Amino acid sequence: MLINVPETVVADALRGMAAAHPELTVDVEHRVVLRRDAPVAGRVALVSGGGSGHEPLHGGFVGPGMLAAACPGEVFTSPVPDQMVRAAAAVDSGAGVLFVVKNYTGDVLNFEMAAELAEDEGIQIATVLVNDDVAVTDSLYTAGRRGTGATLFVEKIAGAAAEEGAPLERVEAIARRVNERSRSFGVALSACTTPAKGGPTFDLPPGELELGIGIHGEPGRERRPMMTSGEIADFAVDAVLEDLRPSGPVLALVNGMGATPLLELYGFHAEVQRVLTERGVPVARALVGNYVTSLDMAGCSVTLCEADEEILRLWDAPVQTPALRWGR
Amino acid sequence: MLINVPETVVADALRGMAAAHPELTVDVEHRVVLRRDAPVAGRVALVSGGGSGHEPLHGGFVGPGMLAAACPGEVFTSPVPDQMVRAAAAVDSGAGVLFVVKNYTGDVLNFEMAAELAEDEGIQIATVLVNDDVAVTDSLYTAGRRGTGATLFVEKIAGAAAEEGAPLERVEAIARRVNERSRSFGVALSACTTPAKGGPTFDLPPGELELGIGIHGEPGRERRPMMTSGEIADFAVDAVLEDLRPSGPVLALVNGMGATPLLELYGFHAEVQRVLTERGVPVARALVGNYVTSLDMAGCSVTLCEADEEILRLWDAPVQTPALRWGR
Amino acid sequence: MSDMNESESGGALDVAFFTRWLTLAAAAVDREADRLTELDSAIGDADHGANLKRGFAAVRDVLEKEPPQTPGAVLVTAGRQLISTVGGASGPLYGTLLRRTGKGLGDSVTVSREQLAAALTEGVAAVGRLGGAHAGDKTMLDALGPAAGALGESFEAARDAAERGALATVPLQARKGRASYLGERSVGHQDPGATSSALLVAALAEAAA
Amino acid sequence: MSDMNESESGGALDVAFFTRWLTLAAAAVDREADRLTELDSAIGDADHGANLKRGFAAVRDVLEKEPPQTPGAVLVTAGRQLISTVGGASGPLYGTLLRRTGKGLGDSVTVSREQLAAALTEGVAAVGRLGGAHAGDKTMLDALGPAAGALGESFEAARDAAERGALATVPLQARKGRASYLGERSVGHQDPGATSSALLVAALAEAAA
Ligand SMILES: Nc1ncnc2c1ncn2[C@@H]1O[C@H](COP(=O)(O)OP(=O)(O)O)[C@@H](O)[C@H]1O
Ligand SMILES: Nc1ncnc2c1ncn2[C@@H]1O[C@H](COP(=O)(O)OP(=O)(O)O)[C@@H](O)[C@H]1O
Ligand SMILES: [Mg+2]
Ligand SMILES: [Mg+2]
Ligand SMILES: [Mg+2]
Ligand SMILES: [Mg+2]
């Protein structure tokens, strides 16, 4: 690992972000990444956060048209409420704050506590839970579906609505709609190495893969002998479509888990596109790259969002962040 | 690996690029990636290319303000002259074409042949060789310094000059100047896996690293026990500064080799920034990310370019490509 | 430790006792961090040891720098500190456990083991409400619940109950937390949170010894 | 093969012979591709086998689909095909080798071994000029140079010289191509290009047998 010591990995990264991105305000001590121009008068502010190790999520999505602030926790560990309270106070213009929370017990609990504390300080808070991962059955017998790739869709699209001046309840409703219309499925070709553990988080012999993985180095639901890119695309897309059944065009995110070369990811995207065409699902917009990662895990995930006119318009709206940038 | 079969990796990736980037023209059969609006009247066109496996280089740098076309070869294998001739013919507006060539025997020879053939077709060709890697001594006893991270600087800055309407000799001179003022040094924490070989290109036990690596999975000049991020930054920056000795501010590229998490890369950037501050070298602009990669190699490289006013202005100029986007 | 200490302590668990408990807990977590992380890497995300190490180090710090005046305040302060430094699932859960237990102790300068047992039972219930988990879901509750029950009897009984509870998570299939994502693959592994809970209760018994 | 064939062939190496050579070369490259890639992975970028496999498969194809009419044309066509399909360093170098050798054979319908030897010597010189390498730089030239020299004597002598030349690259430090980046670490490995050259010359001897 390219680190100093495990204990300083997150602080070191924030120092580096601060140096690389003068357009952001990075509070290294309190672990908050902010839009330089926050609070923006009359605008709802999106605050997200979660464990580190998923970069560019979330810090790389801070900027006009997307997040107002991000709160990075330790590697794979949700941030603490103090961070979200501080972020909310820094970005709230009076129009309220939307917490975008990936559905993990830790994130849910810490954001819940933060919301209570922030409301005590007079900040209006709404929360949207992202839970798009179809590999987990959403039932009483699990912690519920995990939040993965759809987080990017929710943050981009609700962020655009906030930038346009939509009120909190509207931004929240859009965020919720995007989440409800989004599903993901992920595959690992290798485990990842966390700084705290110093070795792979699970044992995956070459020549095998894990289907239905999350983004925290946990093993998936099932192990299989290696499949081709085309077979993986068939499996992942069908897993998503079984749950989503879109009736119109979709946004597609073909996401790398960190160590899969862009060359391979583009090849995989070609296969995803093929399967979607075979299933009669048109792709309105596609994004291919490492966006919601799991440190140095090799693998990929597919996220589809059933689009509508408003979702497409907000997706296309300008965004100016370190990791996503277009328009204007 | 996330592939179908080794033989189709490049074609598969180009199909994926075509699907993901409607703003580009991707000729999958002839392996050329083009600006959709090429040829642009009155503008010099930059054409680059090289082996695949370094994505987003070069295809991800095609677009307004940077490359007019890219020619991807097989993995780690330079493209063939037919590709560059076809690309040059497609993008030449009559103002001439600049070939941006990384200094590897294969690239040099194939681009040389292409230049002859293109000139036979009446296209004015100039060529700039990029050779920034200080790990290789530039002498009679080597193939000369390799082209690595500086390629991004040359393509961005000369691309901006071309976009502004500078004539061929001027674009060529700027490209040459950027190359002369740029130096790089790279470090591997793991080997990479090429589709053709199917396993790591060299054996690097965990707990050791290779100093002075290139971007083709070849081992470096020296193997050492693992160093901290700070120690690596000291070593790499000093190796670059020994050769470059900038008298003013620099552009800094802190580049991931593919499998190093962005989290670690930002942390490394903090250390690079620290060393540069200690050495009294101001950083005018910094770019941190996976830009000139070596498939799934873990590791990083540092490229510095001694800036001047024109270089800074052209660096800041608008660019609209899949991998680099700002301004406008 | 023994019945003698047990009877000696009577209603006299004071600030020093609670500080000793948490200091011993911090030491135990330090010592066992790698094991906790290893357990978490089998069915979670390989951070439980690091999380608690960070949290309890902060607890030790704050108790040293701003020593609270009552047993209840010790636990409330420690709970707040865990919430502010741990993150993850275990931060709010252990934080809530200590805060609620601390609140249950009120303002008394000394408390009895029985009072602590009652307060801990409330604390455990609060963890259950917060996380929505039940006994048998393969979480920290499977160690904490039995421990709170047995504490009415003795510190050692609590320690043994927690330890047994942690071991009993091995054959269970997780229904809460990250381990639940694994479905049946979570069977056969000991829950990291239940394991750390057993450590905390063991530290309590050690403090009383 | 033997002196008999040798003398039989006399000045009579025809299109069929050259086609046979390149077909045998393609088969040899197919067979040895993994070994070539393995050698290239030690001191290069692990693609030499794949590169030549792709190139010679294309050569085989084009010779089948559009059979040239003269020995010279066979080699020029094959060289062009290598340039258009191989890439890397070896594509232009082997392509130039065959094109120049082919041009040196002129329009004759049959050529002698001596004529081929002279043309090959020109071809090898062209490779030297294009790549700027000299004997002892640990490149394909270290097999091709000796082979061209020995071809004046016999096909077997050429084959043996190429083989010896390839083996002799092992102790050398590379001064051209990717292997030169390794400095002293390139010592102790056989050059992949010299190895493939030895295969091509062996195929030539086999075609003559
Ligand atoms: N809903 C819940 N209720 C009670 N305990 C839980 C719950 N979810 C998780 N836990 C406990 O938390 C432990 C994991 O803690 P930790 O690894 O620090 O957090 P995270 O799971 O966020 O990485 C689990 O082993 C389990 O005992
Ligand atoms: N300048 C040169 N002159 C002659 N032969 C060379 C030169 N550079 C490289 N070679 C030969 O090319 C071989 C490598 O070919 P290949 O692996 O196909 O290309 P690349 O090095 O571009 O990956 C080397 O083993 C060497 O024999
Ligand atoms: Mg965690
Ligand atoms: Mg090559
Ligand atoms: Mg955990
Ligand atoms: Mg090679």
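Everything below is about the structure printed above this text.
Keep in mind the model is a prediction, meaning the values are calculated, not measured. (Residues numbered from 1 in each chain as written. Chains lettered and ligands numbered in written order. Predicted model: local features only at pLDDT ≥ 70, side-chain atom pairs only at ≥ 80, totals over all residues. Heavy atoms only, no water.)

Q: Tell me about the arrangement of the chains, residues and numbers included.
A: For this structure, the chain pair with the highest number of contacts among 3 pairs of chains in contact is chains A and B. Separated without contact, chain B and chain C have their nearest C-alpha atoms at a distance of 17 Å. No interface is formed between chain A and chain D, the nearest pair of C-alpha atoms being 17 Å apart. (Contact = heavy atoms within 4.5 Å.)

Q: Any chance you could break down the sheet that holds strand β1 (residues 24–27) of chain A for me, citing the residues and the numbers?
A: Residues and elements named next belong to chain A. Taken together, the 6 strands give an open sheet; going across it, the order is β1-β2-β4-β3-β5-β6, and neighbouring strands pair in mixed fashion. The sheet is open, and its two borders are formed by β1 and β6 (125–130), each paired with just one other strand. Neighbour-to-neighbour, the strand axes of this sheet turn through a mean angle of 20°, independent of strand direction. Bridge count for β1 against strand β2 (residues 32–35) is 4 bridges, and the pairing is antiparallel. Looking across to β2, one finds that D27 is bridged to V32. Its contacts with the sheet place helix α1 (residues 9–20) against β1, β2, β3 (45–52) and β4 (69–75), and it is angled at close to 145° to β4. (Pairing = 2+ DSSP bridges. Helix = DSSP H or I, 4+ residues; strand = E, 2+ residues; numbered from the N terminus. Axes fitted to C-alpha atoms, helices over the stretch in contact; angles between N-to-C directions.)

Q: Which residues make up the coordination of the magnesium ion (ligand 4), and what are the values?
A: Note on the magnesium ion (ligand 4): its protein donors are B:F76 (O), D:D45 (OD) and D:D47 (OD). The metal-donor distances range over 2.1 to 2.2 Å. The magnesium ion (ligand 6) is placed at 3.5 Å from the magnesium ion (ligand 4), the two being bridged by D:D45. Highlighted residues: B:F76 in the loop between β4 (69–75) and α2 (81–91) and D:D45 in the loop between α2 (15–43) and α3 (48–65), drawn from two different chains. Classification of B:F76 as buried rests on a relative accessible area of 1%. (Donors = N, O, S within 2.8 Å, 3.2 Å for Na, K, Ca; no water. Buried < 20%, exposed > 50% of the residue type's maximum accessible area, 1.4 Å probe, protein only.)

Q: Any details on the interface of chain B and chain A? Residues and values, ideally.
A: At the junction of the two partners, chain B supplies 47 residues and chain A supplies 48 residues. Summing both sides of the interface, chain B and chain A together bury roughly 3,800 Å²; the carbon and sulfur share of this comes to 66%. The largest share of the area that chain B buries against chain A comes from B:L2, B:L263 and B:Y266, three residues that together contribute 22% of it. Viewed at the interface, chain A and chain B are joined by 2 salt bridges. The residue B:R15 makes a salt bridge to A:E271 at a minimum N-O spacing of 3.1 Å. Scanning the region where chain B abuts chain A turns up 14 residue pairs in polar contact (both at pLDDT 80 or more). Counting only elements with at least two residues in the side of chain B that touches chain A, the list comes to α1 (9–20), α6 (229–244), α7 (262–278), β11 (283–289) and β14 (325–326) of chain B. In terms of residue count, α7(B) provides more of the side of chain B that touches chain A than any other element does, 11 residues in total. Broken down by class, the residue content of the side of chain B that touches chain A amounts to 26 nonpolar, 13 polar and 8 charged. (Buried area = accessible area lost by both parts, 1.4 Å probe. Salt bridge = Lys/Arg side-chain N within 4 Å of Asp/Glu carboxyl O. Polar contact = N/O pair within 3.5 Å; in protein donor to acceptor, adjacent residues only side chain to side chain. Nonpolar A, V, L, I, M, F, W, Y, C, P; charged D, E, K, R; others polar.)

Q: Go over the interface of chain C and chain A with me, naming the residues and quoting the values.
A: On the side of chain A, 36 residues touch chain C, which itself brings 32 residues to the contact. Between chain C and chain A, the buried area comes to about 2,600 Å², and carbon and sulfur atoms account for 56% of it. The largest contributions to the chain C side of the interface with chain A come from C:R178, C:Y181 and C:R185, which together make up 26% of the buried area. Counting the contacts that link chain C with chain A gives 2 salt bridges. Residue C:R185 pairs with A:E210 through a salt bridge whose shortest N-O separation is 2.8 Å. Between the two partners, chain C and chain A, sit 11 residue pairs in polar contact (both at pLDDT 80 or more). Sorting the residues of the side of chain C that touches chain A by element identifies α2 (15–43), α3 (48–65), α4 (71–85) and α5 (90–104) of chain C as the ones contributing at least two each.

Q: I'd like a description of the site of ligand 1, backed by residues and values.
A: The environment of ligand 1 is made up of 21 residues, and the closest members are C:D45, C:H48, C:S90, C:D191 and C:G193. The local environment of ligand 1 is shared, drawing residues from chains A and C. C:D47 is positioned such that a nitrogen or oxygen atom in its side chain is 3.0 Å from an oxygen atom of ligand 1. Elements with a minimum of two residues in the shell around ligand 1: α3, α5 and α9 (192–208) of chain C. Counting residues per element, the shell around ligand 1 draws most heavily on α9(C), at 3 residues. Along the lines of polarity and charge, the residues of the shell around ligand 1 split into 6 nonpolar, 9 polar and 6 charged. (Near = heavy atom within 4 Å.)

Q: Provide a residue-level description of the pattern of salt bridges, including the pertinent values.
A: This structure, assessed with the given rule, holds 68 salt bridges over all chains. Close ionic contact of B:D37 with B:R35 constitutes a salt bridge, the shortest N to O distance being 2.7 Å. Given a relative accessible area of 41%, B:D37 falls into the partly exposed group. C:R178 is the salt-bridge partner of C:D45, the closest N and O atoms lying 2.7 Å from each other. With a gap of 133 residues between them, C:D45 in the loop between α2 and α3 and C:R178 in the loop between α8 (155–167) and α9 connect regions that are remote in the sequence. For the residue pair C:D45 and C:R178, the accessibility class agrees, reading buried in each case. The network of salt bridges with common partners includes A:D12, A:R15, B:D234, B:D238, B:E271, B:R274, B:E278 and B:R279.

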